[in-house]
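Summary of structural features
Chain residues, written in single-letter form:
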Amino acid sequence: MSAGVLGSLEAGHTSSLRLRVNGEWYELSLDNRVALLDVLREGLGLTGSKKGCDHGQCGACTVLVDGRRVNSCLLLAVALDGARVTTVEGLGEGDGLHPVQEAFLDRDAFQCGYCTPGQICSTVGVLEEAAQGYPSAATDPDHPAGEPVPLTGDEIRERLSGNLCRCGAYPNIVDAVRDLS
Amino acid sequence: MRTFTYVRAADAAEAARAHGGRDGSRYLAGGTNLVDLMKQGVETPDTLVDITRLPLDTVAEEADGALRIGALVRNSDLAAHPAVRVRHPAVSEALLAGASGQLRNAATTGGNLLQRTRCVYFQDLSMPCNKREPGTGCAAREGVHRDHAVLGHSPACVATHPSDLAVALAAADAEVQTTGPAGERVIPVAEFHRLPGELPERDTVLEPGEIITAVRLPAPLDGTRSTYRKVRDRASYAFALVSVAAQLTQRGDGAAEQVRIAFGGLAPRPWRARRAETELTGQALTEERVTAALDAELAAAEPLRDNVFKIGLARDLARTVLLGLTRP
Amino acid sequence: MTDTTSELGTGVPRREGRDKVTGAARYAAEFAPPGRLYAWPVPAIVAAGSVRSVDAAAALALPGVVDVLTARNTAPRAPADDPTLNVLQDDDVPHRGWFVALVVAETLEAARAGAQAVRVHYDTRPHDVTLTRDHRERYVPEEANGGHPAVRERGDAPGAFDAAPIRVDAAYDVPPLHNHPMEPHAATASWEDGHLTVHDSSQGSTAVRAALAQIFGLAEDRITVTSAHVGGGFGSKGTPRPHVVLAALAARHTGRPVTLALPRRDLPAAVGHRAPTLHRVRLGADPDGILLSVEHTALTHTSRIKEFVEQAAVPARVMYGSPHSSTVHEVVPLDVASPSWMRAPGEAPGMYALESAMDELAERTGLDPVELRVLNDPADEPDSGRPFSSRHLVECLREGARRFGWEERDPRPGVRRDGPRLTGTGVAAATYPVLVSPCRATATALPGGDYLVRVNATDIGTGARTVLGQIAADALGAPGDRVRVEIGDSDLPPAPLAGGSSGTASWGWAVHEACATLAGRLAGDPELPPEGLTAEADTAEAVEAGSPYARHAFGAHFAEVSVDTDTGEVRVVRAYGHFAAGRILNARTARSQFLGGMVMGIGMALTEQSTLDPAFGGFAERDLAAYHVPVSADIPAPPAIEAGWLDEADPHLNPVGGKGIGEIGIVGMAAAVGNAAHHATGVRFRSLPLTPDKVRAALAGVV
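Each residue is numbered by its place in its chain's sequence as written, counting from 1. In the order they appear in the text, chains get letters beginning with A and ligands get numbers beginning with 1. In keeping with the model being predicted, local features are shown solely for residues with a pLDDT of at least 70 and side-chain atom pairs are shown and tallied solely at 80 or more, while totals for entire chains, interfaces and linings include all residues. Only heavy atoms go into the side-chain values, all of them from the structure, while hydrogens and water stay out.

Looking at an unreviewed UniProt entry, one finds chain B named Molybdopterin dehydrogenase and attributed to Streptomyces wadayamensis.

1. Let's talk about the overall build of chain C
Short version of the rule: Secondary structure elements are defined from DSSP: runs of H or I of at least 4 residues count as helices, runs of E of at least 2 residues count as strands, and each element is numbered from the N terminus. Partly exposed describes any residue whose relative accessible area lies between the buried limit of under 20% and the exposed limit of over 50%, with all areas from a 1.4 Å probe on protein chains only and scaled to the type maximum. Two residues form a contact once any of their heavy atoms are found within 4.5 Å. In these tables, accessible area is a Shrake-Rupley quantity obtained with a 1.4 Å probe, and a residue counts as shielded only by the protein chains included in the view. Counted as positive: Lys and Arg. Counted as negative: Asp and Glu. His and the chain ends are not counted at all. By convention, the point assigned to a charge is CZ for Arg, NZ for Lys, CD for Glu and CG for Asp.
When its secondary structure is counted, chain C shows 17 helices and 26 strands. Taking the principal axes of the C-alpha coordinates as reference, chain C spans close to 75 × 75 × 50 Å. Expressed as a percentage of its 703 residues, the buried residues of chain C come to 66%. Taking all contacts inside chain C whose residues are at least 6 apart in sequence as the whole, residues at least 24 apart take part in 81%. Carbon and sulfur atoms provide 51% of the accessible area of chain C, an area that totals close to 22100 Å². Between the averaged position of the 64 positive side-chain charges in chain C and that of its 86 negative side-chain charges there is a distance of 4 Å.

2. Some thoughts on the interface of chain A and chain C
Inclusion rule: Once two parts are put together, the accessible area they lose, assessed with a 1.4 Å probe and summed over both, is termed the buried area. A pair is scored as a salt bridge if a Lys or Arg side-chain nitrogen falls within 4 Å of a carboxyl oxygen belonging to Asp or Glu. Pairing of N or O atoms within 3.5 Å defines a polar contact, subject to two protein rules: one partner must be a possible hydrogen donor and the other a possible acceptor, and residues neighboring in sequence count only if both atoms are side-chain atoms. Charged means Asp, Glu, Lys or Arg here, nonpolar means Ala, Val, Leu, Ile, Met, Phe, Trp, Tyr, Cys or Pro, and polar covers whatever is left, Gly included.
The partner chain C presents 64 residues to the 55 residues of chain A that form the contact. Summing both partners gives a buried area of about 4700 Å² for chain A against chain C, and 56% of it is carried by carbon and sulfur. The three residues of chain A that bury the most area against chain C are A:Q111, A:R157 and A:R166, which together make up 19% of that side's buried surface. One can count 6 salt bridges joining chain A with chain C. Salt-bridge contacts for A:R41 lead to C:E30; the nearest nitrogen and oxygen are separated by 2.8 Å. The interface formed by chain A and chain C contains 29 residue pairs in polar contact (both at pLDDT 80 or more). Elements that contribute at least two residues to the side of chain A that touches chain C include exactly helix 1 (3–8), helix 2 (36–43), helix 3 (99–106), helix 4 (116–131), helix 5 (153–159) and helix 6 (170–180) of chain A. By residue number, the principal contributor to the side of chain A that touches chain C is helix 6 of chain A, which donates 6 residues. Per-class residue counts for the side of chain A that touches chain C are 22 nonpolar, 15 polar and 18 charged.

3. So, the domain arrangement of chain B
What counts here: Domain extents, as shown, originate in an automatic or database domain assignment.
Segmenting chain B into domains produces domain 1 (5–50) and domain 2 (225–325). Just the C-alpha atoms count here: the centres of domain 1 of chain B and domain 2 of chain B sit 36 Å apart.

4. Let's talk about the environment of C:L452
Residues and elements named next belong to chain C. Relative to the helices and strands, L452 is located in strand 21 (residues 451–454). Through-space distance from the C-alpha of L452 to that of G194 is 30 Å; in sequence the pair is 258 residues apart. Leaving out residues up to four positions away in the same chain, L452 has contacts with T442, A443, T444, L446, R484 and E486.

5. Side note on the sheet that holds strand 2 (residues 24–31) of chain A
All names here are of chain A. Our working rule: Pairs of strands are assigned from DSSP output, requiring at least two bridges between the strands. Simply put, an axis is a line fit to the C-alpha atoms, just over the touching stretch for a helix, and the angle between two N-to-C directions goes from 0 to 180 degrees.
As summarised here, the arrangement of the 5 strands in space is 2-1-5-3-4, forming an open sheet in which the pairing is mixed. Whereas interior strands pair on both sides, the edge strands pair on one side only; in this sheet they are strand 2 and strand 4 (68–71). The sheet shows a mean angle of 40° between the axes of neighbouring strands, taken without regard to direction. One ladder, built from 2 bridges, connects strand 1 (residues 14–21) with strand 5 (residues 84–86); its direction is parallel. Directly across from R20, in strand 5, lies its bridge partner R84.

6. Observations regarding the domain arrangement of chain C
All names here are of chain C. Domain annotation of chain C identifies domain 1 (17–25 + 436–544), domain 2 (31–126 + 182–232 + 237–270) and domain 3 (143–177 + 273–434 + 551–699). Computed over C-alpha atoms only, the centres of domain 1 and domain 3 are separated by 35 Å. Contacts between the two partners involve 17 residues from domain 1, matched on the other side by 18 residues from domain 3. Buried surface at the junction of domain 1 and domain 3, summed over both partners, amounts to about 1200 Å²; 62% is from carbon and sulfur atoms. It is T462, S501 and W509 in domain 1 that bury the most area against domain 3; as a group they hold 37% of the surface buried on that side. On inspection of domain 1 and its partner domain 3, the count reaches 5 residue pairs in polar contact (both at pLDDT 80 or more). Going through the elements one at a time, helix 11 (464–476) and helix 12 (503–521) are the ones with two or more residues in the side of domain 1 that touches domain 3. Here the element with the most residues in the side of domain 1 that touches domain 3 is helix 12; it accounts for 6 residues. Among the residues making up the side of domain 1 that touches domain 3, the classes are represented as 6 nonpolar, 10 polar and 1 charged.

7. Things to note about the UniProt feature "domain: FAD-binding PCMH-type" (unreviewed entry) in chain B
Inclusion rule: UniProt positions are given in the numbering used here, feature names are shortened, and annotations may be inferred rather than shown by experiment.
Following the UniProt record, the feature "domain: FAD-binding PCMH-type" (unreviewed entry) maps to residues 1–222 of chain B here. Along residues 1–222 of chain B the backbone is 25% helical and 17% strand, and the end-to-end C-alpha distance reaches 50 Å.

8. Here we look at the pattern of salt bridges
Going through the model one piece at a time under the given rule, you end up with 88 salt bridges over all chains. The salt bridge partner of A:R178 is A:D175, with a shortest N-O separation of 2.9 Å. Taken together, the positions of A:R178 and A:D175, both in helix 6 and 3 residues apart, correspond to about one turn of that helix. Assessed through its relative accessible area of 30%, A:R178 is described here as partly exposed. Taken together, the shared-partner salt bridges in this structure form one network comprising B:E287, B:D295, B:R315, B:D316, B:R319, C:D566 and C:R696.

9. Brief notes about helix 3 (residues 108–117) of chain C
Of all 10 residues making up helix 3 of chain C, 9 are buried, and the element is well covered by its neighbours. Here helix 3 of chain C has its buried residues at C:L108, C:E109, C:A110, C:A111, C:R112, C:A113, C:G114, C:A115 and C:A117.

10. Regarding the environment of C:A261
All names here are of chain C. Mapped onto the fold, A261 is located in strand 14 (residues 258–261). Judged by its relative accessible area of 33%, A261 falls in the partly exposed class. It is 9.4 Å that separates the C-alpha atoms of A261 and S201, two residues lying 60 residues apart in sequence. Contact partners of A261, with chain neighbours within four places excluded, come to A29, H185 and A186.

11. Regarding helix 8 (residues 347–365) of chain C
Residue and element names in this part refer to chain C. Definition in use: The length a helix should cover is 1.5 Å for every residue beyond the first.
Here helix 8 spans 25 Å end to end across 19 residues, near enough to the 27 Å set by a 1.5 Å rise per residue. Of all the 19 residues making up helix 8, 17 are buried; the element is thus mostly covered by neighbouring parts of the structure. Just downstream of helix 8, G366 is the residue with a positive phi angle, here 75°.

12. Structural notes on the nonpolar core
Basically, it comes down to this: Here, nonpolar core refers to any group of buried Ala, Val, Leu, Ile, Met, Phe, Trp, Tyr and Cys residues whose side-chain atoms link them within 4.5 Å.
If you look at the biggest cluster of nonpolar residues, it comprises 152 residues, and the most contacted ones within it are A:F104, A:L164, C:L283, C:L354, C:L361, C:F558 and C:V561. For this core, the leading source of residues is helix 14 (residues 587–606) of chain C, giving 10 residues. Core analysis: the next-biggest nonpolar cluster, separate from the first, contains 61 residues, C:V118, C:L196, C:V245 and C:L267 among them.

13. Examining the side chain of C:R264
Here C:R264 shows up in the loop between strand 14 and helix 7 (267–270). Of the side chains with opposite charge, C:E183 lies nearest to the buried C:R264, which makes no salt bridge, at 8.7 Å. Within the local environment of C:R264, its side chain forms a polar contact with the backbone oxygen of C:M182, the two atoms lying 2.9 Å apart. Aside from chain neighbours lying at most four places away, what touches C:R264 is A:G52, A:C53, C:H180, C:P181, C:M182, C:E183, C:P184, C:R622 and C:L624.

14. Some words on the sheet that holds strand 2 (residues 49–55) of chain C
All names here are of chain C. On the basis of which strands lie adjacent, the open sheet formed by 3 strands has the order 4-2-6 and antiparallel pairing. Edge positions in the sheet fall to strand 4 (92–93) and strand 6 (119–124), since each has one partner strand and no second. As defined by bridge partners, strand 2 adjoins strand 4 across 2 bridges and the pair is classed as antiparallel. When the bridges of strand 4 are listed, S50 appears paired with D92.

Written out as structure tokens, the structure reads:
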């Protein structure tokens, strides 16, 4: 963030907050208008999270906030004081890849790579949601509430429909997620 | 997006004070629609009152079996709630038919009802739009309007309301609970959204500064079945062309004891098909009778040049859904 | 040199894969030189006219806004050959969405607020954005896109049609379509000591450098353009686009680095679209299904500033034998944004029409649609009479049919019903030309046993880096992990764009030549100098020598669809594509590209369309909520979708033996889906996409 601009904004139009990003706490002074995605990309240099549409219509910006997958382009950072954020850069342990990253590599589940961090973060969220029994539109209405939902092809297709891929890697993404479930 | 003052409220009273009922104040909950519109310059608040830390994020069961859903319960949590899954499948299905997994994790119950139309002219500052800028005219009436309303519209505005949840809640006779400068009040979901008339800029009956605290979902009669079905241009992650929520309770002889139908995608608000409901109540639901009742309901439709298809689509969709709810 | 088994053809994983799954791969807007500013464009909001004045005062008063650039306050530039690059050069507004100002600010938030605060006053003129079949400004151009003659006539096609015992005469239409790559067009530009460095999201940075040199009056060696990772393009990044000119202009104007990433809403008007095409196809045949005449007329639109004619009638010159043929392109200039390339320009919409008509002919003659195509498979290219370098369409149809399970098909339409749902299957053929352009490359043997291959190729997701490494390793007889590949930088040996399915053939040819030459020089195990031993290749002469052969890839698409007769919803439940595209150099990335093309073809068939607003000009669907790129739920899960290919050895191509695979995957998909929808319902659908409103209307007989 440019300190010069912050200084020229009215006092009430900026805020100070703390964010824990990929395990590390950051003390931030921000223009209230800044979206989480732009904090990550422009403020912290974490450009793994992508801006495809900036309006919640493509999923390329998907990150995990307090463990849940969300569109970071639609979250005002100022409202997230104290939140835990995990981006694609924070998934692996050290130099090791997260199993979802491994699965995407194994299945060639991407081409241009631009939607990929969002697909991967979304998949991490999907695996957790399914394990906790969160239903989707593809879930049998009689599936017992709260029981883990098996990730069939139909479940994966529906649950990952909030992540557009213009290269059309969907078939390989479905196979990657199947490998994990 | 213009600069704004951010206020984080701890309770409803503090939120109301910060908002002050002023034109330039907006409440921020999930933000999935408000932030989108602020980026486009459609919404230009000078004060944003963050209500996400208000204690309105639980679902409670009342003595009569009704569910009191806090306004800040996330769409994904509500869709997964065991009581909603079992007793109100239409509500769960409507939520899961909307948006994407990511958006449902952020979007709230109250915010869902307050989302604005997705009319492309409303979202484009360079276009005339009476809803966004009263008096500028309606570009959609003669423009690109395949997705627009066939019922309840006015010369000033032909936009539809985009919520799936609201349609299912309207069919369930749910109520919106609010608190505001005039105290607390209860508004049926089916009457929560306004028809545009000459004031299309007002989407709902909420007064300035009034805040949704909960949605009350009454317990259905024993043996009630319900479902939600949505038709759209792609298989997921798209707004409805037409959707229907239906709820049916049958008597021992199979006749309809209670039938409720609400349409999405047809009107500026969830469209309760009360005429069709009246015609079908007490009757056995045969294909002919259902078709006739729906035709009677939809006879009032006034389609635009390019959306006449919605009438037949709504009828055929609702007929299949209703017949699918009947016990064999 | 070690003796190794060649990796060519095997599924070598992408070299940059790890960077892409960890977020380490950097795209054009993700370079942050110190002091960088952000730019935000201001698009015109009138359909046609000119800028009378720009009032930037309110924008300039906002905190963080550095400047507002217009045609009035920027230093003059030379006009570019491509008129779409002449932004902020004059006051003309040729279409809605044309950029008329650019705000530069310290932050993204300030830039966006600034752009919303700029007030532009216009003089307007009457406009027309509506393409109609009988438009009075319709004309026949000299050429269609790709240098194809607009008109080709053989024999007396109308006469033969009139005399034919079996006739199909049908009109089809394809709406405007948008590429919408996931990465919006973006560039980061900086000037230092008179040298311009640009990180651009482009399918070919050599051409971007040339355009910037022309516009800014610079020698090419004072410009560096990189495109290390590109988030898709599908043709829309195939030529330099206005964003890169604006970023360079703003950086020069402000004296600071500038990033411009176009807002998604601005893409439809700024970076090209597939123009709408209105087709008329007339097929005359004898009762046995032998074609007597083929006529295809394709009418499209172009802008007022540029003639771009979608070459949709060209595939009819390649596909089927017939003694009489007429293929004609017509175009209407309108007040629309300039159309441009989108995956398989010409072939995708053209083959939708032709292959839909072939399906109608199959029905008319009672022939199986696969057999009808086999019957009319020509020995030589119908239009030119040249022999095919290789043509295995019949094999694709037969093998595809076998793998899809076509032989069990009941040909009767409209008989497979389950409640409101009808199912059916369809087939369509595909073709795409073999294109190749001159390219240079170098190969260096480094002391220590490593090799370095340098060529300004671009990897837009195709796997170019990986495949070029395989080609080099094969020519050098070295293991792939000893070969470093440098691409995506205009300081490298110049190369053509990643487009027209020509990248691998063009770059691979030069890489192969350079490596083969180097291998020859290394034969005696000479002592390597410290900087290594380098061999160069330039394929210009060999490429320009041309070929006496007609060279095309072929394929066959199969689809099974389910049609809900209540709602009009069409879903693809199975899809298969089988291709003959020369030598497949990487089985893994090739399969991904074939499948990706099929996915885009399903979008073209079912979900994608844009609408020109007659009253206001411009496209109505300007974001990814309104323009429906297919989502995962629209695409069957494997193995219900799959792609395969035959091993095609074609000695008349290039040293690497590939025909190009980036586009053929989309070509027959839409027709296969449409033909399957007919087989399901018994009703013909002749207008894409097959959305619920159109399907219901067709089922009701109201077309």
